Amino acid sequence: MFYFTDSLRSLAASLRNVFRRPTTVEFPAVRRPRPERFRASFALLHDEAGDELCVGCKACERICPSEIITVELVKKDSPVTGKKRAYASDFVLDSNACIYCELCVQVCPTDAIVMVKTAEEAKYHRQGLVLTMERLYENEKL
């Protein structure tokens, strides 16, 4: 006898859930609004004159707990001012293992690296999530 009443209760619960409004949204068709402080990717910046802000000090590389940032330093003449200064010749950020702690943004002495709201699109290979200098400068425009 208990089997019959338990079966009816289970059927009633299933019917209640079938006719309930869905609580999720279809992602590609409907995009939820992001909070104001949402940050999802990184960008490297230029100053007002168009010169690169990153001086290759490697502070972000040293402080990163996931050890995903690699910076190569080179000294050359500035195309804007003509003075010799340090630049990052190669800046690689592997967002596969990034924990988005923002320590690299906070430690940068020239505020060259920032976090942006636009998230990286889904990729089919891990190499697609590695942010090189070119991709970081493209994210500046977002």
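Quick note: structure is the one above.
Presented here is a report on the structure given in the accompanying data block. Source: prediction; values computed, not measured.

Overview of the packing of aromatic side chains
Next up, step 1: Counted according to the given criterion, the structure contains one aromatic pair.
Next up, step 2: Measuring from centroid to centroid gives 5.9 Å for F42 and Y100, while their planes differ by 10°, and the two rings are stacked. Of this pair, F42 sits in strand β1 (residues 41-44) while Y100 sits in the loop between β3 (84-94) and α3 (103-107), placing them 58 residues apart in sequence.
Next up, step 3: Given a relative accessible area of 36%, Y100 falls into the partly exposed group.
Next up, step 4: Directly above the aromatic system of F38 lies the positively charged group of R34, at a separation of 4.4 Å from the ring centroid.
Next up, step 5: The ring of Y87 has K76 sitting right over it, with the charged end atom 5.0 Å from the ring centre.

Description of the side chain of S95
Next up, step 1: Structurally, S95 is set in the loop between β3 and α3.
Next up, step 2: Within polar-contact distance, the side chain of S95 engages the backbone oxygen of L129 at 2.4 Å.
Next up, step 3: Leaving out residues up to four positions away in the same chain, S95 has contacts with Y100, L129 and L131.

So, the pattern of salt bridges
Next up, step 1: Summed over the entire model, instances satisfying the criterion amount to three salt bridges.
Next up, step 2: Residues D6 and R9 are paired through a salt bridge, measuring 2.5 Å at the closest nitrogen-oxygen approach. Here the residue D6 and the residue R9 both occupy positions in helix α1 (residues 2-18), the gap between them amounting to three residues, near one helical turn.
Next up, step 3: The class for D6 is partly exposed, based on a relative accessible area of 36%.
Next up, step 4: A relative accessible area of 57% places R9 in the exposed class.
Next up, step 5: Notably, a salt bridge pairs K117 with E36, separated by 3.5 Å at the nearest N-O pair. One end of the pair, K117, is in the loop between β4 (113-116) and β5 (130-131); the other, E36, is in the loop between α1 and β1, with 81 residues separating them in the sequence.

Some thoughts on unusual backbone geometry
Next up, step 1: In this structure, E102 takes a positive phi of about 70° despite not being glycine.
Next up, step 2: Looking at the secondary structure, you find E102 in the loop between β3 and α3.
Next up, step 3: At D111, a residue that is not glycine, the phi angle is positive and equals roughly 55°.

Side note on the nonpolar core
Next up, step 1: Ranked by internal contacts, the top residues of the largest apolar core, which has 23 residues, are F42, L44, I69, F91, L93, C104 and I113.
Next up, step 2: The set of elements that each furnish at least two residues to this core consists of β1, β2 (69-77), β3, α3, β4 and α4 (133-138).
Next up, step 3: L93 has contacts with F42, I68, I69, I113, L129, V130 and L131, leaving out every residue within four places of it along the chain.

Reading the values: the criteria
Residues numbered from 1 in each chain as written. Predicted model: local features only at pLDDT ≥ 70, side-chain atom pairs only at ≥ 80, totals over all residues. Heavy atoms only, no water. Phe/Tyr/Trp six-rings, centres within 6.5 Å; stacked < 30°, edge-to-face > 60°. Helix = DSSP H or I, 4+ residues; strand = E, 2+ residues; numbered from the N terminus. Buried < 20%, exposed > 50% of the residue type's maximum accessible area, 1.4 Å probe, protein only. Lys NZ or Arg CZ within 6 Å of the ring centre and 35° of its normal. Polar contact = N/O pair within 3.5 Å; in protein donor to acceptor, adjacent residues only side chain to side chain. Contact = heavy atoms within 4.5 Å. Salt bridge = Lys/Arg side-chain N within 4 Å of Asp/Glu carboxyl O. Core = buried A, V, L, I, M, F, W, Y, C linked by side-chain atoms within 4.5 Å.

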